[in-house]
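# Observations on the model geometry
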Amino acid sequence: MSIILILIIVATVLFSYTGFNDVSFFRKYEFHIGSIRAGEQIRMFSCGFLHADIGHLFFNMFALFMFAPVVIDHFGSTSFLLIYLGSLVFGSLLTLTMHKNEYSYRAIGASGAVTGILYSAILINPNMSLYLFFIPIPIPAYLFGIGYLLYSIYGMKAKRDNIGHTAHFGGAIGGYLITLLKEPAMLEYNTTMVLLLAIPIVILFVMSKTGKL
C-alpha cells in the first residue's frame, strides 16, 4: 500500500478524533463562510480532515481505501496526492462560491477529496465493480459514483446535517478535470463514461441555476 495513502488516512483519523473530543479545535478548523471571508483560508483545507462522527469518518476512509489504489497504480503516488488535494480545494471553492453570502454556513469532511478520487478511479477503470455491505451482488462502480452524487443533491436540499454535500460536487469536478488533463486520450477511448459521470454534475448546476437547491 502507498505510504502517501496511509499518511492521509492516519492524519485524517487523528485530526477527526481530536475534533470529536475538542469542540474548540473542531470550530477552529471547520469550513465556516464567515471566518473564511474574514481571512481564515486555512479552513478551506483543514475542513477536509474533520468529520461529523465515526460513521462519517469510516465511510469516507473506506471509500478512499477502496478506490485510491486504482489511481495510484495508474498515475503513481505523487499524482494521486495531486488529485486528492486538488479535489479537496475544488470542493471548498465550489462550496464558498455557492454559499458565499451565508455567513453562518459550516461544513466538514473529506467527501470532496474522496469523491474526486472515486471519479478518477472510475475514469481509469470503468469496468470495475464493488460490493456494498447491504447489497449481496456486485454493482458497477460508475453507478455507485453517480448515486453518491445524487444522494449529495438530496443532502444539499434537506440541509439536515453538517456534512459538506456541496463539496462532493466540487471534488468530483476536481477529480474529473485533473484526470482528464493528465490523460486527455480518455475523451476518445472512454467517451461514454466521461459523459455518464458528467450527468450528476450537470443536474447540480441546472438545479442551482433554477433555484431548486
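Residues numbered from 1 in each chain as written. Predicted model: local features only at pLDDT ≥ 70, side-chain atom pairs only at ≥ 80, totals over all residues. Heavy atoms only, no water.

We now examine a nonpolar patch on the surface. Among the surface-exposed residues, M1, I3, I6, L7, V10, L14, F65 and M66 lie close enough to one another that they form a single nonpolar patch of about 770 Å² accessible area. Where the nonpolar patch is concerned, the elements lending two or more residues are α1 (3-21) and α5 (54-75). The element contributing the most residues to the nonpolar patch is α1, with five residues. For M1, a relative accessible area of 63% gives the class exposed. (Patch = residues over 30% accessible without salt bridge, like charges linked within 9 Å, V, L, I, M, F, W, Y side chains within 5 Å. Areas by Shrake-Rupley, 256 points an atom, 1.4 Å probe, with all protein chains shown as cover. Salt bridge = Lys/Arg side-chain N within 4 Å of Asp/Glu carboxyl O. Helix = DSSP H or I, 4+ residues; strand = E, 2+ residues; numbered from the N terminus. Buried < 20%, exposed > 50% of the residue type's maximum accessible area, 1.4 Å probe, protein only.)

Summarising the element assignment, V13 is placed in helix α1. Judged by its relative accessible area of 34%, V13 is partly exposed. Between the C-alpha atom of V13 and that of A158, which follows or precedes it by 145 residues, the distance is 27 Å.

One way to put it is that helix α7 (residues 111-124) packs onto helix α9 (residues 165-182) with a least axis distance of 7 Å and a crossing angle of 40 degrees. Between α7 and α9, the angle falls in the class oblique. Taken as a pair, α7 and α9 cross one another with a handedness that is right-handed. Here α7 contributes S111, G112, T115, G116, Y119, S120 and L123 to the contact with α9, which in turn contributes A167, H168, G171, A172, G175, Y176, T179 and L180. Considering only residue class, the contact of α7 with α9 consists of six nonpolar, nine polar and no charged. (Axes fitted to C-alpha atoms, helices over the stretch in contact; angles between N-to-C directions. Parallel < 35°, antiparallel > 145°, perpendicular 65-115°, else oblique. Left-handed = near helix turned anticlockwise from the far one by under 90°. Contact = heavy atoms within 4.5 Å. Nonpolar A, V, L, I, M, F, W, Y, C, P; charged D, E, K, R; others polar.)

Right, let's talk about α9 for a bit. With 18 residues, α9 should reach 26 Å at 1.5 Å per residue; the first-to-last C-alpha distance of 26 Å fits that figure. For α9, the buried fraction is high: 15 of the 18 residues fall into the buried class. (Expected span 1.5 Å × (residues − 1).)

Enumeration over the complete set of coordinates arrives at ten aromatic pairs. Ring centres 6.2 Å apart and planes at 70 degrees place the aromatic pair F15 and F49 in the edge-to-face group. Placement of the pair is F15 in helix α1 and F49 in the loop between α4 (43-46) and α5, with a sequence separation of 34 residues. For F15, a relative accessible area of 23% translates into the label partly exposed. When the centroid spacing of 6.1 Å and the interplanar angle of 20 degrees are considered together, the rings of F67 and F144 count as stacked. Here F67 is found in helix α5, whereas its partner F144 is found in helix α8 (residues 141-158), with 77 residues between them in sequence. Here a set of aromatic residues connected by ring pairs shows up, and it is made of F15, F25, Y29, F45 and F49. Over the ring of F75 we find K182, and its NZ or CZ is 5.4 Å from the ring centre. (Phe/Tyr/Trp six-rings, centres within 6.5 Å; stacked < 30°, edge-to-face > 60°. Lys NZ or Arg CZ within 6 Å of the ring centre and 35° of its normal.)

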